[in-house]
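# Structural features, examined
Residues per chain, in single letters:
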Amino acid sequence: MKSNLKQRHQQLSKQNKNTLFIIPSGRAPQRSHSVHYPFKVPSDFYYLTGLSLENAFFVLFEGRAQLFVLAATEQQKIWQEFEDLQSQIEDFNGYKKIIELVEGDLTEHFVRMEALIQKAQVVAFPRGRSEVLENFLSDKFSYNRKNSIFFGRDQFPAWQDSQLLIGQVRSQKDDDEIACLDEAVRRTLAVHGEFAKLNFVGQTEKQVRDHFELEFLKRGMGWTSYQTIVGAGQRACGLHARPGYSKLKSEDLVLIDAGAEFESYCADITRTWSIGGVATEEQHLILDLVTEVQRQTIESICVGDRFDKIDSMAKELLKEKLSHRLGVSVTSEEIQQLMPHRTSHWLGLDVHDPCPYFDHDGQSVQLQKGMVMTIEPGLYFRPGLSQKWKKFEGLGVRIEDDVVMGGKKLLVLGQEEKIDLN
Ligand SMILES: [Mn+2]
């Protein structure tokens, strides 16, 4: 077994004593009739197994891991290629010992988990991923409760959301994870960089999206990290603009928020370009200002700072610079209207990695080495805001890069030099 997987299991159990984790991989949802959506393995299952399997259950108690995989039925063997599943397991050297291919109905095999449930104080699993598992557990819990009168048990396992517990372990990335993220960002940046050199005047937002997604595929990135965002002209003021049939005009800006995965790790990059290559004075001013704010925010955040400092710092800088450049006073409320989102979020196997933002005291989390996040200030002059912004109306600008906390400072991912956290 890969040594870092074993470490993850041990760390998770160490941080959650007496907790039984049952993590289903789930299966692809049905689209209609005989057609299913493509299967995407849930990130916490992948984090703990390194496998991309349907119909499997990862079980962990006190550092000991087990994996149940539902064997293919005869029908499935005829209609689908199950070789893929088998070869993944065989490739996985050490893991084979703890993998069990189970035949038929999984519920029969859950019986083996009962002894563990009896021992555990907490059962942690994700809601809504496996109906079979949830039915089994809720029967189990209510049976235990009912019979407590006879058996005198006064302590039953409590349910906890496994995503939160696993998210805690996932917050500091190891070297292998950083290398994957760095590569995902590098490849994603290459596609953004090339786009800037092409002429897309007259093409639709959907065509821009298709261009990006095809380029990602060509670079071995099979999944986008999220649905690609393309906003031409005024449509960039919609924070998550869905690509439509609006055409790119040379006098406009286009905002493209697009990233893809490398080895399941996500890049999340936004660039705002002048479509015709020559920005107006107003466009230039805002593009410049947001770029500068992003750079200065990255430079001023240090290890040990609290996560929420990123957002307050960026918004303070936006306020200062906007007041300075325009020679008018700008309030924090106005900045909030012009940028109605936060400056940062965690990044990893998920584009919004489910790691905690607050510690046990309710304070914003302190930034530590190996934590990975986005830095994405923006300004969006939606029509209908104050007269004060009239000359910027319809401009939407966001600049987003991905960073990792090093030994002292934030390091930008996907740059020329290899990432060295020290
Ligand atoms: Mn983002």
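From a predicted model like this one, the values you see are computed outputs, not experimental measurements. Along each chain, residues carry numbers from 1 onward, in the same order as the chain's sequence is written. Thresholds applied to this predicted model are a pLDDT of at least 70 for local features of residues and 80 or more for the giving and counting of side-chain atom pairs; totals over whole chains, interfaces and linings are not thresholded and use all residues. Just so you know, side-chain values use all the structure's heavy atoms and leave hydrogens and water out.

### Brief notes about the overall build of the chain
As a reminder of what qualifies: Comment: elements are numbered from the N terminus, with helices defined as DSSP H or I runs of at least four residues and strands as E runs of at least two. Exposure classes here rest on a 1.4 Å probe applied to the protein chains alone. A residue is buried below 20% of its type maximum, exposed above 50%, and partly exposed in between. Residue contacts are defined here by distance: any two heavy atoms, one from each residue, within 4.5 Å place the two residues in contact. To measure how exposed things are, a 1.4 Å probe is used in the Shrake-Rupley method; for residues, cover is taken only from the protein chains shown.
Scanning the chain from terminus to terminus reveals 13 helices and 18 strands. Expressed as a percentage of its 422 residues, the buried residues of the chain come to 50%. Sequence-distant contacts in the chain: of pairs separated by 6 or more residues, those separated by 24 or more amount to 71%. Total accessible area on the chain is roughly 21100 Å²; 49% of this is exposed by carbon and sulfur atoms.

### As for empty space enclosed by the protein
Operational definition: Grid points spaced at 1 Å and placed over the protein atoms alone form the basis of the search, with a cavity being a set where a 1.4 Å probe fits but cannot get out and a pocket an open set showing protein on both sides within 12 Å along at least five of seven lines. Lining residues have an atom within 4 Å of a point. Grid points are joined across faces, edges and corners, and a volume is the space filled by probe spheres set on the points. Ten residue types, Ala, Val, Leu, Ile, Met, Phe, Trp, Tyr, Cys and Pro, are classed as nonpolar, four, Asp, Glu, Lys and Arg, as charged, and the remainder, Gly among them, as polar.
All told, the structure shown has 1 cavity of 30 Å³ or more when counted by the stated rule. Here the largest cavity defines a volume of roughly 30 Å³. Considering the residues around the largest cavity, the lining is formed by Phe-381, Arg-382, Pro-383, Gly-384, Leu-385, Ser-386, Trp-389, Lys-390 and Glu-393. Partitioned by chemical class, the residues of the lining of the largest cavity number 4 nonpolar, 2 polar and 3 charged.

### As for the environment of Met-113
Mapped onto the elements of the fold, Met-113 is located in the loop between α5 (106–110) and α6 (114–119). By relative accessible area, Met-113 is classed as buried at 2%. Ignoring any residue separated from it by four or fewer positions in sequence, one finds Met-113 in contact with Ile-22, Val-59 and Phe-68.

### Section: the nonpolar core
Put simply, the test is: What is meant by a nonpolar core is a set of buried Ala, Val, Leu, Ile, Met, Phe, Trp, Tyr and Cys residues, joined one to another through side-chain atoms within 4.5 Å. Domain segmentation is taken from an automatic or database assignment of domains.
Among the nonpolar cores identified, the biggest contains 56 residues, and Phe-21, Phe-58, Val-208, Phe-212 and Ile-256 are the most heavily contacted of them. The greatest single-element share of this core, amounting to 8 residues, is contributed by helix α9 (residues 175–195). Residues from two domains meet in this core; each of domain 1 (3–169) and domain 2 (171–412) gives at least three. Setting aside residues no more than four positions away along its own chain, Ile-256 makes contact with His-192, Phe-195, Val-208, Phe-212, Ile-229, Val-230, Ile-269, Thr-270, Arg-271 and Trp-273. Of all hydrophobic cores here, the second largest spans 29 residues; its members include Ala-241, Leu-338, Met-339 and Ile-399.

### Observations concerning the packing of α9 against helix α10 (residues 205–218)
A pair of packed helices is characterised by two quantities: the angle between their axes and the separation of those axes. Here is the rule: Axis lines are fitted through C-alpha atoms, for helices just across the contact stretch, and the angle between N-to-C directions can take any value from 0 to 180 degrees. If an angle is under 35 degrees, it is roughly parallel; if it is over 145, roughly antiparallel; if it lies from 65 to 115, roughly perpendicular; otherwise it is oblique. Should the near helix be turned anticlockwise from the far one by less than a right angle, the crossing is termed left-handed; should it be turned clockwise, right-handed.
At their nearest, the axes of α9 and α10 sit 10 Å apart, and the two run at 135 degrees to each other. By the angle between their directions, the pair α9 and α10 is classed as oblique. Crossing geometry of α9 relative to α10 is assigned as right-handed. Of the residues in α10, those touching α9 at Thr-188, Val-191, His-192, Glu-194 and Phe-195 are Val-208, His-211, Phe-212, Glu-215 and Phe-216.

### Let's talk about α9
Where we set the bar: The span you would expect from a helix comes to 1.5 Å times its residue count less one. Any pair of nitrogen or oxygen atoms within 3.5 Å is treated as a polar contact; in protein, a donor-acceptor pairing is required on top of that, and neighbouring residues in sequence qualify only through side-chain atoms on both sides.
Here α9 is 21 residues long and its end C-alpha atoms lie 30 Å apart, about the 30 Å a rise of 1.5 Å per residue gives. All buried positions along α9 are accounted for by Glu-177, Ile-178, Cys-180, Leu-181, Asp-182, Ala-184, Val-185, Thr-188, Leu-189, Val-191, His-192 and Phe-195. The residue sitting at the N-terminus of α9 and contributing the capping side-chain oxygen is Asp-174; that oxygen lies 3.1 Å from the backbone nitrogen of Asp-176.

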